[in-house]
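# Working through the structure, step by step
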Amino acid sequence: MDLLPRRNSTERPRKSHWRSWPASRLLVAISARALASTDEALTLPQLRALVVVDTCGPVKLAALAATLKVNSSTALRMVERLESARLIDRKTNPDNRREVLLRLTPAGRDLVARVLAHRRTEIRTLVEQLPAEARAALVPALRALTEAAHDTAVDPFDEMRRVGGLIDDPLNPAPPEPPHGGRRRAKDTTV
């Protein structure tokens, strides 16, 4: 995520960019505090990978790399660390032995749930401190910002569909969960 506004040499910086930096730093700090509240020694990018796998899983390694916008070797090293921490399970796809499928272990699902719950609680506490008028304006403003971002961190399904990374779980014969508004699970997927 770029924190500095992009502009060409002839464009003057807009005050709205400068005013949004504290909010951006606040949201990153909330995510970092939520992650620090666990006993795990994870980075924010590793948490983002866990959230993507939790939201979309099982996923192909190549699709995870594309969604995170990293190269495959970077994604593989990240997955190896998460696998050694017993947070991700990595298996060969029985339908295509050249593909690696990733899904969270129970410990990985628990970690994601705890971090997201901590983050939601902290955000809720802050929002409740706002006057009613500010709270009412916040929701549509955040929706507009999210829509303007077109970011896979917000909805990783678009990228997963594009790269063919969404698959039924051949390792689990149970039928997949039905989609909810285009998503398999209604989850907080921002990191």
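These numbers were taken from a predicted model, which means no experiment stands behind them.

Here the focus is the pairing of strand β2 (residues 88-93). For β2 and strand β3 (residues 96-104), the ladder comprises 6 bridges, and the chain directions are antiparallel. Across the sheet, Arg90 pairs through a bridge with Leu102, a residue of β3. Taking the residues that link successive antiparallel strands as the turn, the β2-β3 hairpin has 2 residues.

Moving on: the pattern of salt bridges. Applying the stated criterion across every chain, the model contains 6 salt bridges. As a salt-bridge pair, Glu99 and Lys60 come within 3.2 Å of each other at their nearest N and O atoms. Of this pair, Glu99 sits in strand β3 while Lys60 sits in strand β1 (residues 59-60); the two residues are 39 residues apart in sequence, bridging distant segments of the chain. The exposure class of Lys60 is buried, given its relative accessible area of 18%. The residue Arg90 makes a salt bridge to Glu83 at a minimum N-O spacing of 2.7 Å. Judged by relative accessible area, Arg90 falls into the partly exposed class, the value being 27%. Given a relative accessible area of 26%, Glu83 falls into the partly exposed group. One connected set of salt bridges, linked through shared partners, spans Asp89, Lys91 and Arg103.

So, about the nonpolar core. In this structure, Leu42, Leu50, Leu64, Leu82, Ile88 and Leu102 are the most contacted members of the largest nonpolar core, which totals 27 residues. Among the elements of the structure, α1 (15-36), α2 (44-56), α3 (61-68), α4 (72-84), β3 and α5 (106-128) are those that each provide at least two residues to this core. Sorting elements by how many residues they give to this core places α2 first, with 7 residues.

Our next topic: the sheet that holds β2. The strand order across the open sheet built from 3 strands is β1-β3-β2, with neighbouring strands paired in antiparallel fashion. Looking at strand neighbours, the two that pair on one side only are β1 and β2, the edges of this open sheet. Two elements, β1 and β3, share 2 bridges in a ladder whose sense is antiparallel. Note that in β3 the partner of Lys60 across the bridge is Leu101. The sheet strands contacting α2 are β1, β2 and β3, and the helix crosses β3 at an angle near 105°. The sheet contacts of α4 involve β2 and β3, and relative to β2 the element is tilted by about 120°.

Reading the values: the criteria
- Residues numbered from 1 in each chain as written.
- Predicted model: local features only at pLDDT ≥ 70, side-chain atom pairs only at ≥ 80, totals over all residues.
- Heavy atoms only, no water.
- Pairing = 2+ DSSP bridges.
- Helix = DSSP H or I, 4+ residues; strand = E, 2+ residues; numbered from the N terminus.
- Salt bridge = Lys/Arg side-chain N within 4 Å of Asp/Glu carboxyl O.
- Buried < 20%, exposed > 50% of the residue type's maximum accessible area, 1.4 Å probe, protein only.
- Core = buried A, V, L, I, M, F, W, Y, C linked by side-chain atoms within 4.5 Å.
- Contact = heavy atoms within 4.5 Å.
- Axes fitted to C-alpha atoms, helices over the stretch in contact; angles between N-to-C directions.

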